[in-house]
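# A structural walkthrough
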Amino acid sequence: MQGVGFRPFVYNLAQSLGLVGYVLNSSAGVHVDIEGDGVAIDRFLLQLRNNPPPLAQIESIEMEDCPAAGYSAFEIRESVDEPGRLAPVSPDVATCADCLRELQDPANRRFEYPFTNCTNCGPPYTITRAIPYDRPLTTMACFPMCADCLREYEDPSDRRFHAQPNACPVCGPSIRLSISEAQRLLHAGQIVAIKGFGGFHLVCDPFNEPAVRLLRERKKRSDKPYALMVRDVASAEKFCFVSAAEHAALTSIRRPIVILRRRPDCPLSEALAPGNNTLGLMLPYTPLHYLLFGGEFSALVMTSGNVSEEPIVTGNREAAQRLGAIADAFLFHNRDIHTRVDDSVSRIFAGSERVLRRSRGYAPHPVTLSFPVAAILACGEQLKNTFCLTKQHSAFLSQHIGDLQNWETFEFYRETLDRMQELFRIKPTVAAYDLHPEYLSTSFATHWRDATEHIGIQHHHAHIASCMAENGITGKVIGVAFDGTGYGTDGKIWGGEFLVANFAGFERRAHLRYVPLSGGDRAVLEPWRMALAYLLDTFGSRLDSLDLPLMHRIPAQKLRVVRPMIERRINTVDTSACGRLFDAVASIIGVRDEVNFEAQAAIELESRALAGIDDAYPFEISGEEIDVRPMIERIVRDVLARKPTGWIAASFHNTIAAIIIEVCSRLRSEDGINRVCLSGGTFQNVYLVERAVSSLRAKGFEVFLHSRVPPNDGGISLGQAVIANALLSR
Ligand code: ZN
Ligand code: ZN
Ligand code: FE
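All values derive from a computational prediction rather than experimental measurement. (Residues numbered from 1 in each chain as written. Chains lettered and ligands numbered in written order. Predicted model: local features only at pLDDT ≥ 70, side-chain atom pairs only at ≥ 80, totals over all residues. Heavy atoms only, no water.)

## Some points on the overall build of the chain
Filter applied, for reference: Here a strand is any run of E in DSSP of at least two residues, a helix any run of H or I of at least four, and the numbering for each starts at the N terminus. Taken over C-alpha atoms, the radius of gyration is set against a globule rule of 2.2 Å times the number of residues to the power 0.38. Whether a residue is buried, partly exposed or exposed follows from its accessible area with a 1.4 Å probe, protein chains only, as a fraction of its type maximum: under 20%, in between, or over 50%, in that order. The contact criterion used throughout is that any non-hydrogen atoms of two residues lie within 4.5 Å. Per-residue and other accessible areas follow the Shrake-Rupley method at a 1.4 Å probe size, with only the shown protein chains counted as cover for residues. The charged-residue count follows a simple rule in which Lys and Arg add positive charge and Asp and Glu add negative charge, with His and chain termini not counted at all. Every charge is mapped onto a representative atom, which is NZ of Lys, CZ of Arg, CG of Asp or CD of Glu.
Tallying secondary structure elements over the chain gives 24 helices and 25 strands in all. Here the C-alpha atoms of the chain give a radius of gyration of 27 Å, agreeing with the 27 Å that 2.2 N^0.38 yields for 730 residues. Looking at the 730 residues of the chain, the share that counts as buried comes to 61%. Considering only intrachain contacts with a sequence separation of at least 6, the fraction spanning at least 24 residues in the chain is 70%. When the accessible surface of the chain is split by element, carbon and sulfur atoms take 49% of a total near 27,800 Å². Across the chain, the 76 positively charged side chains and the 85 negatively charged ones have centroids separated by 4 Å.

In structure tokens, the structure reads:
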């Protein structure tokens, strides 16, 4: 990893042990040549392994004996470039304690300077144009260091020795609106666009209802939850419950948005995350953020500076154009953002931090694979796109790209692909893609001229392979792939799948019974359509004799059109997607009939589920088919009997967990496989995951989940890459 203060560390260590030689950065990693007393060299190696600098992660140390060169001192040499080898660039990390102290010290020359950083903190990834990581190849190239900064930069005993973005108020970047003016505007209820590490944020005061409503209106983002930045952990605890593991995630140098359970007495407006019993909070991670919180704010809305689903805005001129209709004011600065990176999102469940959106602080750190891979580009999915480049033992997942349906997002995709190929020097000749014929990533892959081979990969197979690769397992596993949509090998929409799989292939061994999905994309936005499909599948014409509230809520005119479509399967496509079953149940029990973003109904259904309920509904398995009609029948009976929604929601979740246990047990007795991988967007559901995992473990299964790679479609590209690699080597 470059930009983590490794060379100064080596220099200081060698000096303290009286060793001579040199250290340098190359595109192959860090190279050290060292001479001296054997005991001192042993101590050097021990320190290197056990006490590396905070941001360094040593993947391997290779050693070789060389003839003595007769060095007279230890020095840091110029970086060299070794073509074809790779050395990852560090992700951007939060301001360190030393820099924070300087920022708040009136006697320090960096007092209140918003671009304070050192080798232990700051923005390598977003400012780096090319490797090796040296100032001329970053967006800091246009800021020549002043004498004081240069002295720090050249002093091996200084914390800023070779800190590439080193700067101070005399020589470095500067902001355009003052901090106090920004604070004043926020207090007055205005929306301020603030430039950060990887793009702009749109910021407002969360206690100011009209400001929050105005932001929603202007951003055209009706119900999606807004992330908040809080001053410190104590403020977070006023709004949400914070466990020790959540505390650790919040304060980690990666500083993700952490999804936390909202306190019942949380003073913040419900409008920040409607229908949700959680809030996404993060702590300040740049000096600018700390300065903003120097005022009276305990929390600020900090949502991505973009329009609707477009990529986050990075350039000053771009911001003025695209965010001009949303923001009342702009806090610009003149350090360019070379690479666009959103905030990451994490949640702690089933015992670990699990990344749901992998961006700032995580990307572009590679996933290390337990086997060597060819140079492959895996193009990823549609809605939560990431792509993946592989080389040697590393899989470089891109940061979260987003919904490729937008032209701007697709541009972001291509721009990031070009940059990552250059940064990591990967020239793939193989392109892997999803089988869905209409995905932009699919047509991009099949038309990609650089590849001589194009490999189509089934969506749920990729989910399971991603989980295997992340957990370093090979061989056969039972794969449970539950999500909202994925193109099946039979042209139907899958998503409630039990596979027996390895990297090279899979068998589909069980799946939810097919029901007709009507209206294409509209079925996703109108869960009542899925409810109707499940009700008709369960009751047929008997449905008319039931006085179900839902049937009165659907406008008669819509019902007249859609019902015959479902009954006669006209313009419908069969689906076995678990996400659509969540939608159906949410609508049947009256949680939500329409949504304005994917999975909204499922999230609210989970929010409603009462704790401490053990009941579950019946289901049947015949051959490959898992038939949930007995459950739907009982749910309808419970709705008619006015059982509490929270009780039904919990029993429904318990049923899905019971299906997982039952099918996995059958597959284990048939195939003798004891390892289960859970992957797909449905496994972001904390209630379901915790229940399924504990029951599976109680039955002796070895269970694998995602942690550093998202379980949703943001993790698919990794699976595509390792499958393509397995198919190649066969
Ligand atoms: Zn620092
Ligand atoms: Zn300076
Ligand atoms: Fe999926």
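Here the narrative resumes, following the displayed structure.
## Some words on the coordination of the iron ion (ligand 3)
Inclusion rule: Only nitrogen, oxygen and sulfur atoms count as donors, using a 2.8 Å cut-off from the metal that widens to 3.2 Å for Na, K and Ca. Water is left out, so coordination shells may look unfilled. For four-coordinate sites, all angles between 85 and 135 degrees define a tetrahedron; for four- and six-coordinate sites, opposite donors beyond 155 degrees with the remaining angles between 65 and 115 define square planar and octahedral shapes respectively, and all other cases count as irregular.
Here the iron ion (ligand 3) is held by H459 (NE2), H463 (NE2), D483 (OD) and D713 (OD), and the distances to it run 2.1 to 2.2 Å. Every donor counted, the four donor atoms about the iron ion (ligand 3) form angles of 87 to 173° at the centre, which fits irregular coordination. Taken in sequence order, the residues that donate to the iron ion (ligand 3) follow the motif H-x3-H-x19-D-x229-D. Of this pair, H459 sits in helix α14 (residues 459-470) while D713 sits in the loop between β25 (702-704) and α24 (716-729), and the two are 254 residues apart along the sequence. The burial state of H459 is the same as that of D713; both residues are buried.

## Some points on the environment of P132
As for its placement among the helices and strands, P132 is situated in the loop between α4 (124-127) and α5 (147-154). Distance in space between the C-alpha atoms of P132 and S651 is 56 Å, their sequence separation being 519 residues.

## Some thoughts on the coordination of the zinc ion (ligand 2)
Around the zinc ion (ligand 2), the protein contributes the donor atoms C146 (SG), C149 (SG), C168 (SG) and C171 (SG), at 2.2 to 2.4 Å from the metal centre. Angles of 103 to 118° at the metal separate the four donor atoms of the zinc ion (ligand 2), which places the site in the tetrahedral class. When the donors of the zinc ion (ligand 2) are listed by position in the chain, the intervening gaps give C-x2-C-x18-C-x2-C. Note that C146 is positioned in the loop between α4 and α5 and C171 in the loop between α5 and α6 (179-187), a separation of 25 residues in sequence.

## Re the packing of helix α19 (residues 578-588) against helix α21 (residues 629-640)
Let me state the cut-off plainly: Note on method: axes are straight lines fitted to C-alpha atoms, helices fitted across the in-contact stretch only, with angles between N-to-C directions ranging 0 to 180 degrees. Should an angle fall under 35 degrees it is taken as roughly parallel, and over 145 as roughly antiparallel, whereas 65 to 115 is taken as roughly perpendicular and any remaining angle as oblique. In a left-handed crossing the near helix is turned counterclockwise from the far helix by less than a right angle, and in a right-handed crossing that turn is clockwise. Throughout this entry, Asp, Glu, Lys and Arg are counted as charged residues, while Ala, Val, Leu, Ile, Met, Phe, Trp, Tyr, Cys and Pro are counted as nonpolar. The remaining residues, Gly among them, count as polar.
The N-to-C vectors of α19 and α21 enclose an angle of 20°; their axes lie 10 Å apart at closest approach. Our classification of the angle between α19 and α21 gives roughly parallel. When you trace α19 past α21, the crossing you get is right-handed. Packed against α19, whose contacting residues are L581, V585 and I588, the element α21 presents M631, I632, I635, V636 and V639 at the interface. Of the residues contributing to the contact of α19 with α21, the split by class is eight nonpolar, no polar and no charged.

## Digging into the nonpolar core
Spelled out, the test is: Grouping buried Ala, Val, Leu, Ile, Met, Phe, Trp, Tyr and Cys residues that are joined through side-chain atoms within 4.5 Å yields what is termed a nonpolar core.
One finds F498, L535, L581, I588, I632 and I635 to be the most contacted residues of the largest nonpolar core, which totals 79 residues. Examining the composition of this core, we find that 13 residues originate from one element, helix α22 (residues 645-671), more than from any other. Residues F200, C266, A319 and I348 belong to the second largest nonpolar core, which totals 38 residues.

## Observations concerning the pairing of strand β19 (residues 506-512)
How we decide: When DSSP finds at least two bridges between two strands, those strands are taken to pair.
Most of β19 sits inside the fold, with five of its seven residues counted as buried. Inspection of the sheet shows strand β18 (residues 493-501) paired to β19 by five bridges, in the antiparallel sense. Note that in β19 the partner of L499 across the bridge is R508. Hairpin connection, β18 to β19: the antiparallel pair is bridged by four residues. Here β19 runs beside strand β23 (residues 625-627); their pairing, made up of two bridges, is parallel. If you follow H511 over to β23, its bridge partner there is E625.

## Remarks on helix α18 (residues 556-568)
Our working definition: Every helix has an expected span of 1.5 Å times one less than the residues it contains.
Taking 1.5 Å of rise per residue, 13 residues should cover 18 Å, and α18 covers 19 Å from first to last C-alpha, within 8% of that figure. Check the buried side of α18 and you find it contacts β20 (515-518), α16 (527-539), α17 (549-553) and β21 (572-575). At the exit of α18 stands R569, carrying a positive phi of roughly 50°.

## Thoughts on the sheet that holds strand β11 (residues 345-349)
Taken together, nine strands build an open sheet; the order of strands is β10-β4-β5-β9-β6-β8-β7-β11-β12 and the sheet is mixed. Looking at which strands have only one partner, the edges of the open sheet turn out to be β10 (329-331) and β12 (352-357). Taken pair by pair, the neighbouring strands of this sheet meet at an average axis angle of 35°, ignoring direction. In the sheet, β11 pairs with β12 via five bridges, with the strands oriented antiparallel. Each bridged residue has a counterpart across the sheet, and for R347 the counterpart in β12 is R354. On top of the sheet, α6 reaches β4 (192-195), β5 (200-204), β9 (299-304) and β10; it is set at about 145° to β4, its chief contact.

Such coordinate-based values are descriptive only and should not be taken to indicate function.
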